[in-house]
Amino acid sequence: MHHEENGALAAPPVHYKRAAFLDPDGEPVAFPADLMRKDVAPALSVGRDLGVAPELGEVAARRLDSAREAGFGARDLGEVLRASRPEV
């Protein structure tokens, strides 16, 4: 068994989204950034009500906002990551 089969990269969501990460232009959008961002707001609200530290949710919200501002709102998670990378 390869070490990749035991780590976080072996998680079911990674396998499910693998093609979208590797070929975002060739795969249909399953969960657009606009909807992801919409879902982050109530999650942050509930977290605040429960006293959960919001740092990770706030980072996610900022990344999604940046992706949307860059025109990736209708694109999938792989595109959010692409929008987050510095230009090379």
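Up top is the structure these notes are about.
In this text the structure is predicted, and so the values were computed from the model without any measurement.

### What about the overall build of the chain?
A tally of regular secondary structure across the chain gives four helices and zero strands. From first element to last, N terminus to C terminus, the chain shows the α and β order α-α-α-α. The buried share of the chain, reckoned over its 88 residues, is 22%. In the chain, once contacts between residues fewer than 6 apart in sequence are set aside, the share between residues at least 24 apart is 63%. Total accessible area on the chain is roughly 6,500 Å²; 60% of this is exposed by carbon and sulfur atoms.

### A look at helix 3 (residues 55-69)
Count 3.6 residues to each turn of an α-helix, and residues three or four apart come out pointing the same way. Here helix 3 spans 21 Å end to end across 15 residues, near enough to the 21 Å set by a 1.5 Å rise per residue. When helix 3 is considered as a whole, its buried residues turn out to be Ala61, Leu64 and Ala67. Down the axis of helix 3, the buried set is contained in an arc of 125 degrees. They therefore lie on one face. Exposed residues on helix 3 whose side chains face more than 90 degrees from its buried face are Arg62 and Glu69.

### What about the nonpolar core?
Ala33, Met36, Val40, Leu44, Ala61, Leu64, Ala67, Phe72 and Val80 form the largest nonpolar core, which has nine residues in total. Of all the secondary structure elements, the ones that give two or more residues to this core are helix 2 (33-50) and helix 3. Among the elements that take part in this core, helix 2 stands out by supplying four residues, more than any other.

### Concerning the pattern of salt bridges
Applying the stated criterion to the full structure yields four salt bridges. Arg68 is the salt-bridge partner of Asp34, the closest N and O atoms lying 2.8 Å from each other. Placement of the pair is Asp34 in helix 2 and Arg68 in helix 3, with a sequence separation of 34 residues. Since its relative accessible area comes to 33%, Asp34 is described here as partly exposed.

### Details of helix 2
The first and last C-alpha atoms of helix 2 sit 26 Å apart over 18 residues, in line with the 26 Å expected at 1.5 Å per residue. Taken together, the buried positions of helix 2 are occupied by Ala33, Met36, Arg37, Val40, Leu44 and Gly47. Down the axis, helix 2 shows its buried residues gathered within 90 degrees of arc, on one side only. Facing away from the buried side of helix 2, by more than 90 degrees, are the exposed residues Lys38 and Asp49.

### A look at the environment of Pro24
Tracing the backbone through its elements, the reader meets Pro24 in the loop between helix 1 (12-22) and helix 2. Between the alpha carbons of Pro24 and Arg82 there is a distance of 9.4 Å; along the sequence they are 58 residues apart.

Reading the values: the criteria
- Residues numbered from 1 in each chain as written.
- Predicted model: local features only at pLDDT ≥ 70, side-chain atom pairs only at ≥ 80, totals over all residues.
- Heavy atoms only, no water.
- Helix = DSSP H or I, 4+ residues; strand = E, 2+ residues; numbered from the N terminus.
- Buried < 20%, exposed > 50% of the residue type's maximum accessible area, 1.4 Å probe, protein only.
- Contact = heavy atoms within 4.5 Å.
- Areas by Shrake-Rupley, 256 points an atom, 1.4 Å probe, with all protein chains shown as cover.
- Expected span 1.5 Å × (residues − 1).
- Arc of directions from axis to C-beta.
- Core = buried A, V, L, I, M, F, W, Y, C linked by side-chain atoms within 4.5 Å.
- Salt bridge = Lys/Arg side-chain N within 4 Å of Asp/Glu carboxyl O.

Remember that the coordinates give geometry; whether it matters functionally is a separate question.
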